[in-house]
Amino acid sequence: MGQYGVLVDITKCIGCRGCQVACKNWNDLPATKTTFTASRTNPPQMNFNNVTLVNFHTIEKGDKVQWRAVKMQCFHCLEPICFEACFVHAYKKTPEGAVVYFNPEICTGCRYCQLACPFLNIQLKWDEVFSRVRKCDMCYDRLVRGLKPACVATCPTGALKFGERDALLKEARERIAKNPDKYVDHIFGEKEVGGTSWLYISDVPFEELGFRTDVMHESIPKYTWKYISKAPILAVGLPILFAAFYVYTKRRAENEDGGH
Amino acid sequence: MIGANPASNHPIAFRWITKGREQKGSKLIVADPWFTQSAAMADLYVPLRPGTDTAFLNGIMNYAIQNNLFHREYVVAYTNASYIVHPDFKIEDGLFSGFLESGKYDTSTWQYTGEKDPTLQHPNCVFQILKRHLSRYDIKTVSEITGAPADVYEEVCKLYCSTGKPDRVGNAIYCMGLTQHTHGTQNVRALAMLQLLLGNVGLPGGGVNAERGESNVQGACDIGVLFHVLPGYNPVPSAKAHPTWAAYREKTTPSTGYWVNRPKFLVSMLKAWYGEHATGENDFCYDFLPKTAADHSHVSTFQDMTKGVVKGMFAWGQNPVVGGPSAVQAREAMKNLEWLVCVDLFETETAAFWKAPGADPAKIATEVFLLPAACSYEKEGSITNSGRWIQWRWQAVEPPGEARSDLWIADRLFKAIRKEYQENGGVFPDPILKMKWDYGEAECDVVKVALEINGYEVATGAPVQSFTKLADDGSTACGDWLYSGYYNDVHNPPCKRRDNVDPSGLACFHRWAFSWPANRRILYNRCSVDPSGRPWHPERALFRWNGTGWVKNDVPDFNAKLPPVETADKAFIMLPEGQARLFAPGVKDGPVPEHYEPVESPVGNRMSGQQHNPLAVLWKGSIFDKYAPAESADFPYVATTFRLPEHYQTGGVTRNQPYLVELAPEMFVMISKTLAEKLGLKSGDWVRVATARSEFKAKVAVSSLVRPLTVQGRKIEMVCIPWHWGFQGLATGAIGNDLTPAAGDPNTRIPEYKAFLCNVHKV
Ligand code: SF4
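Residues numbered from 1 in each chain as written. Chains lettered and ligands numbered in written order. Predicted model: local features only at pLDDT ≥ 70, side-chain atom pairs only at ≥ 80, totals over all residues. Heavy atoms only, no water.

### A closer look at the overall build of chain B
Then, number 1: Counting secondary structure elements, chain B contains 22 helices and 28 strands.
Then, number 2: Its C-alpha radius of gyration of 26 Å places chain B within 12% of the 27 Å reference for a compact globule of 763 residues.
Then, number 3: For the C-alpha atoms alone, the extent of chain B along its principal axes is close to 75 × 75 × 55 Å.
Then, number 4: Within the span of chain B, comprising 763 residues, buried residues form 57% of the whole.
Then, number 5: Considering only intrachain contacts with a sequence separation of at least 6, the fraction spanning at least 24 residues in chain B is 69%.
Then, number 6: Total accessible area on chain B stands at roughly 30300 Å², and carbon and sulfur atoms take up 54% of it.
Then, number 7: Averaging the coordinates of the 77 positive side-chain charges in chain B and doing the same for the 80 negative ones gives two points 3 Å apart. (Helix = DSSP H or I, 4+ residues; strand = E, 2+ residues; numbered from the N terminus. Rg over C-alpha atoms; globule rule 2.2 N^0.38 Å. Buried < 20%, exposed > 50% of the residue type's maximum accessible area, 1.4 Å probe, protein only. Contact = heavy atoms within 4.5 Å. Areas by Shrake-Rupley, 256 points an atom, 1.4 Å probe, with all protein chains shown as cover. Lys, Arg positive; Asp, Glu negative; His and termini not counted. Charge placed at Lys NZ, Arg CZ, Asp CG, Glu CD.)

### Overview of the packing of aromatic side chains
All names here are of chain B.
Then, number 1: Under the counting rule described, the total for this entry stands at 57 aromatic pairs over all chains.
Then, number 2: Measuring from centroid to centroid gives 5.6 Å for Y248 and Y286, while their planes differ by 50°, and the two rings are tilted. Placement of Y248 in helix α12 (residues 245–252) and of Y286 in the loop between α13 (262–274) and α14 (298–306) is noted, with a sequence separation of 38 residues between them. There is no split in this pair, since Y248 and Y286 are both buried.
Then, number 3: A centroid spacing of 6.4 Å and a plane angle of 70° characterise the contact between W389 and F509, whose relative ring orientation is edge-to-face. Here W389 is found in strand β15 (residues 389–393), whereas its partner F509 is found in the loop between β17 (476–477) and β18 (514–515), with 120 residues between them in sequence.
Then, number 4: In this structure F509 comes out as partly exposed when scored by relative accessible area, which is 25%.
Then, number 5: Above the ring of Y286, the side-chain terminus of K291 is found at 4.6 Å from the ring centroid.
Then, number 6: Over the aromatic face of W408 sits the side chain of R404, whose NZ or CZ is 5.1 Å from the ring centroid. (Phe/Tyr/Trp six-rings, centres within 6.5 Å; stacked < 30°, edge-to-face > 60°. Lys NZ or Arg CZ within 6 Å of the ring centre and 35° of its normal.)

### Observations concerning the nonpolar core
Then, number 1: Core analysis: the biggest nonpolar cluster contains 90 residues, and Y200(A), F211(A), V669(B) and I721(B) have the highest contact counts within it.
Then, number 2: Examining the composition of this core, we find that 5 residues originate from one element, strand β3 (residues 64–72) of chain A, more than from any other.
Then, number 3: Here this core gathers at least three residues from each of two domains, domain 1 (6–210) and domain 4 (617–762) of chain B.
Then, number 4: Of all hydrophobic cores here, the second largest spans 71 residues; its members include A64(B), V152(B), L196(B) and L203(B). (Core = buried A, V, L, I, M, F, W, Y, C linked by side-chain atoms within 4.5 Å. Domains from an automatic or database assignment.)

### Thoughts on the pattern of salt bridges
Once the charged atoms of two side chains with opposite charge are near each other, the side chains can pair.
Then, number 1: Taken as a whole, this structure holds 43 salt bridges over all chains when the rule is applied.
Then, number 2: Across the salt bridge formed by E646(B) and R17(A), the nearest N and O atoms sit 2.8 Å from each other. One end of the pair, E646(B), is in the loop between β21 (637–642) and α21 (658–663); the other, R17(A), is in the loop between β1 (4–9) and α1 (18–27), on a second chain. Note on accessibility: E646(B) and R17(A) belong to one class, buried.
Then, number 3: A salt bridge links E600(B) to R693(B), with the nearest nitrogen and oxygen atoms 2.9 Å apart. Separated by 93 residues along the polypeptide, E600(B) in the loop between α20 (564–567) and β21 and R693(B) in the loop between β23 (686–690) and β24 (695–702) bring together distant segments of the chain. (Salt bridge = Lys/Arg side-chain N within 4 Å of Asp/Glu carboxyl O.)

### Considerations on α14(B)
Then, number 1: Within α14(B), burial applies to V299(B), S300(B), F302(B), Q303(B), D304(B) and M305(B).
Then, number 2: Just beyond α14(B), the residue with positive phi is G308(B), at close to 75°.

### Things to note about the packing of helix α7 (residues 139–146) of chain B against helix α8 (residues 150–161) of chain B
Residue and element names in this part refer to chain B.
Then, number 1: The interhelical angle for the contact between α7 and α8, taken along N-to-C directions, is 115°, at an axis separation of 9 Å. Here the hand of the crossing between α7 and α8 comes out right-handed. Of α8, the residues touching α7 (which contributes I139, V142 and S143) are A150, Y153 and E154.
Then, number 2: Looking at the contact of α7 with α8 residue by residue, the classes come out as 4 nonpolar, 1 polar and 1 charged. (Axes fitted to C-alpha atoms, helices over the stretch in contact; angles between N-to-C directions. Left-handed = near helix turned anticlockwise from the far one by under 90°. Nonpolar A, V, L, I, M, F, W, Y, C, P; charged D, E, K, R; others polar.)

### Brief notes about the domain arrangement of chain B
Residue and element names in this part refer to chain B.
Then, number 1: When cut into domains, chain B gives domain 1 (6–210), domain 2 (233–283 + 440–483), domain 3 (298–424) and domain 4 (617–762).
Then, number 2: If you average the C-alpha positions of domain 1 and of domain 4, the two centres end up 28 Å apart.
Then, number 3: Tallying the contact residues gives 27 residues for domain 1 and 28 residues for domain 4.
Then, number 4: Carbon and sulfur atoms supply 62% of the area that domain 1 and domain 4 bury against each other, a total of about 2200 Å² over both sides.
Then, number 5: The three residues of domain 1 that bury the most area against domain 4 are W34, Q180 and T182, which together make up 32% of that side's buried surface.
Then, number 6: At the surface where domain 1 touches domain 4, the tally comes to 0 salt bridges. (Buried area = accessible area lost by both parts, 1.4 Å probe.)

### Observations concerning the sheet that holds strand β12 (residues 339–344) of chain B
Residue and element names in this part refer to chain B.
Then, number 1: The strand order across the open sheet formed by 3 strands is β11-β12-β13, and the pairing between neighbours is parallel. Lying at the two open borders of the sheet, with one neighbouring strand each, are β11 (312–316) and β13 (367–372). Each strand of the sheet is rotated relative to its neighbour by a mean of 10°, with strand direction disregarded.
Then, number 2: Of the strand pairs in this sheet, β12 and β13 are connected by 6 bridges, and their pairing is parallel. Residue pairing across strands places V343 opposite L371, the latter belonging to β13. (Pairing = 2+ DSSP bridges.)

### A few points about the interface of chain B and chain A
Then, number 1: On the side of chain A, 35 residues touch chain B, which itself brings 32 residues to the contact.
Then, number 2: Looking at the side of chain B facing chain A, the largest losses of area belong to Y659(B), E662(B) and L663(B), adding up to 26% of the total buried there.
Then, number 3: Across the chain B-chain A interface, the total number found is 6 salt bridges.
Then, number 4: Note that R40(A) and E646(B) form a salt bridge whose closest N and O atoms lie 3.4 Å from each other.
Then, number 5: Counting across the interface, chain B meets chain A through 19 residue pairs in polar contact (both at pLDDT 80 or more).
Then, number 6: Elements supplying a minimum of two residues to the side of chain B that touches chain A: α2 (11–24), α3 (37–41), α21 and β24 of chain B.
Then, number 7: By residue class, the composition of the side of chain B that touches chain A is 19 nonpolar, 5 polar and 8 charged. (Polar contact = N/O pair within 3.5 Å; in protein donor to acceptor, adjacent residues only side chain to side chain.)

### Quick word on the site of the ligand
Then, number 1: Taken together, C13(A), I14(A), G15(A), C16(A), R17(A), G18(A), C19(A), C155(A), P156(A), T157(A) and L160(A) are the residues near the ligand.
Then, number 2: Across the shell around the ligand, the residue classes break down as 7 nonpolar, 3 polar and 1 charged. (Near = heavy atom within 4 Å.)

### Comments concerning the confidence of the model for chain A
Residues and elements named next belong to chain A.
Then, number 1: With 79% of its residues at a pLDDT of at least 70, chain A reaches an overall mean of 84.
Then, number 2: Of the regions scoring below 50 in pLDDT, residues 225–237 engages in 9 contacts with residues more than four places distant in sequence or in other chains.
Then, number 3: For residues 246–260, every residue scores under 50 in pLDDT, and the model assigns this stretch 12 contacts once sequence neighbours within four places are set aside. (pLDDT = per-residue confidence, 0-100.)

### Re the environment of L169(A)
All names here are of chain A.
Then, number 1: Looking at where L169 falls in the secondary structure, it is placed in helix α6 (residues 165–178).
Then, number 2: A residue is classified by how much of its surface remains accessible, and L169, at 9% relative accessible area, is buried.
Then, number 3: In this structure the C-alpha to C-alpha distance between L169 and K93, which are 76 residues apart in sequence, comes to 20 Å.
Then, number 4: Each residue touching L169, except ones within four places of it in the same chain, is listed here: I187, E190 and L199.

See below:
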């Protein structure tokens, strides 16, 4: 069995947000208080009680307008940096492909994982009160019972497709090849940070939909461990490195945010 | 897709649209005033000004005729295009011949002469009348009226008319954007006529498809929850026209077409209702049926409250204080009620009308009862979807607390009323005391109700297999002839079937639930083949005449015992003439659609001196008679209402659902960037939106999804208003329908929710 993943075809997403609600429902997460937003994305960002979020984007090009909905959650890196960043091993990458925060009892609340996530807001969410992390775990409890993740099971249009990552990758390539005029020739998640279990294809360039396309294509752990694993003062070295990485990525993102 | 936004409002329907596009390479055209979620999915999007759909559709028909893109063989065979119309029939300055001072039409010149010209050349044949009438709707004119850019509109005409070829088919989807106008019937007719011209009715993948506003609104209509029809679309008797069974029978039964069977359906219904009391001697208790003497549509009913005619009201799963037009006025009218019973899941705005903001409870004497109802998963029964599939739904959980199913409530209510009549009598107790009501003593059994709706033989009690077995002599009973067959087997009723095999590959799914009538999946399916019985295209071979018999992939909507030539001119079996109407003598406001402006419009009517539909129902002299004049300076912007995916209708349920409130917490109105600039507004600012009827405050969303349209050289701005909020529930906000006009369509009385005038000020 290969690793599982989900292929998100943004051109097929109608923005019904069934996935967002299904996620909360399955994981029994409470509703949070929200207020009006002009884009209708709500809550405006992911938070501890919303670990999947559909972002609405209005894209203007001259006198043409386009509108797209993009479901965001943990991308489930093939080589997850959160896993590497955690000293106490609260995370694991399961053979099924899900990256799971499986051991909250031993979590010390250091937040390195959150700082380390190259996708910033996308991945891990911190609860201030309980010093705990929550993230999408691809409905691991469903996966092991042979069920699809709740969001995929709910999606009415087939914008979300669950399957083995290799097969999904193949299908994504085929869809692009069949409709070269429609799709952007890029499968997000194929190579980013060494590959992620969630893959995206789109007809609007990913940068315009809030994706970070400037992340390195080599896996971050590979990159960092190459230099750091041999260092004697690991406990000091890693946090500093990740903190620096966090500051760097955050600043980049803030600069970009101006455009959205 | 016109006046419909299934991506937002019917997401499951969009699943099949997505599938069709993927598997068949279908193209999606969306026409809508603003760039909706469906528009975002379209291959081709075209904007149009609210209320100009008739002009828009007439223009496409004109394009098809002028460029010879219509399906001639289909049109000649299956429509009334060849019929010759009365020589005095005329269309002048937006009026049809026979317009009377009373504001109605004398339709004597709208009738057929009885002759036909299959060459379609006769100057007074339907086709030539239509051609002349539509020729005024050229691309430039339509673009000027609707604001659709001429080049995009032409592309739409070209693409859609390509479905006029026999090897192609086009599917028309509409919703309340088309119906909720003072000319809503004509809008839908125009869409149906376009489909007929292009040969797109009666084929797999074709049709005129309504996206209904509620999951079971089709079932509600079928079973008679309308003010003008009994179950199965038999007309409600009128005191004047149908005082007796003989009069009803004579006046509502045509001499040809399937409705010749109406007496069988009505007698069987009366037998179901009055059982042994209904006999041939007493006209099967026809006299027990209430007869109407006046208009009992929604607004009339509220108007009658102001006059003290209507003293009490049941609002059963309905929230008119948020959902009805001119809601401020409706609340005013309700203050005159002596009693009000609301049956709902939560205390809706209707149940709480007496404590609405601005109301003084001390001055309202209405006694209000709120009966807690079970939701759809807490009760058993059937729902009918837009494709007419009757699907049984089982109970998943028990309702909480004292909540009960609607059936339980109706049963107790009836029994209490009957007891009251038994003990204390009344003016006319028989219709109550003689009613057959045997669904169980203590508890009402839903299966018994289903069996009665399906129909049974009176002598044996055995379920009838289909409506073809119904008789007008009292030997059969049937609650709704259309549903006959859906529950014809107690142990294995068709509506409970769940087998999704599709041997023909034409998405018929005959073994999934039951589709009325007779489990037929595609209506008027004789049209799927040519007159000689050859499929228009081998890929869509619903039927095929093999020389000796029919090869069938659906339940025929024609007499399949006969060879094709004998049914070729009777494809539309429900019509007396057997052929579809490109010219409809029975439509109150005209036999062919003509463009009229909405009652409240920012411009004059470019096509005629009739500013709006001359037959529009304006509720003159009542509290609902409040409209801005055309080209009003006080109300310069076009307003239209819309729905969001997260809230359902009036929000009575969804605004009490925390997850949905989290997604869509606050009421807002949506405007363009240009209007925002003009008014100095940015997203999140509070605005006051005012119409001739009322005003409210809401936050504004400035969006490039809304854009001004150029209409007759002027830029017209638009204000888009969702109508899901009210003053009850977890998320409260202004009631969108406080602003909408009550003005109604003359055929249906549907109010003009979708096009009116407003003004916007920064607060
Ligand atoms: S459920 Fe599917 S279609 Fe709906 S928002 Fe989520 S991904 Fe998009």
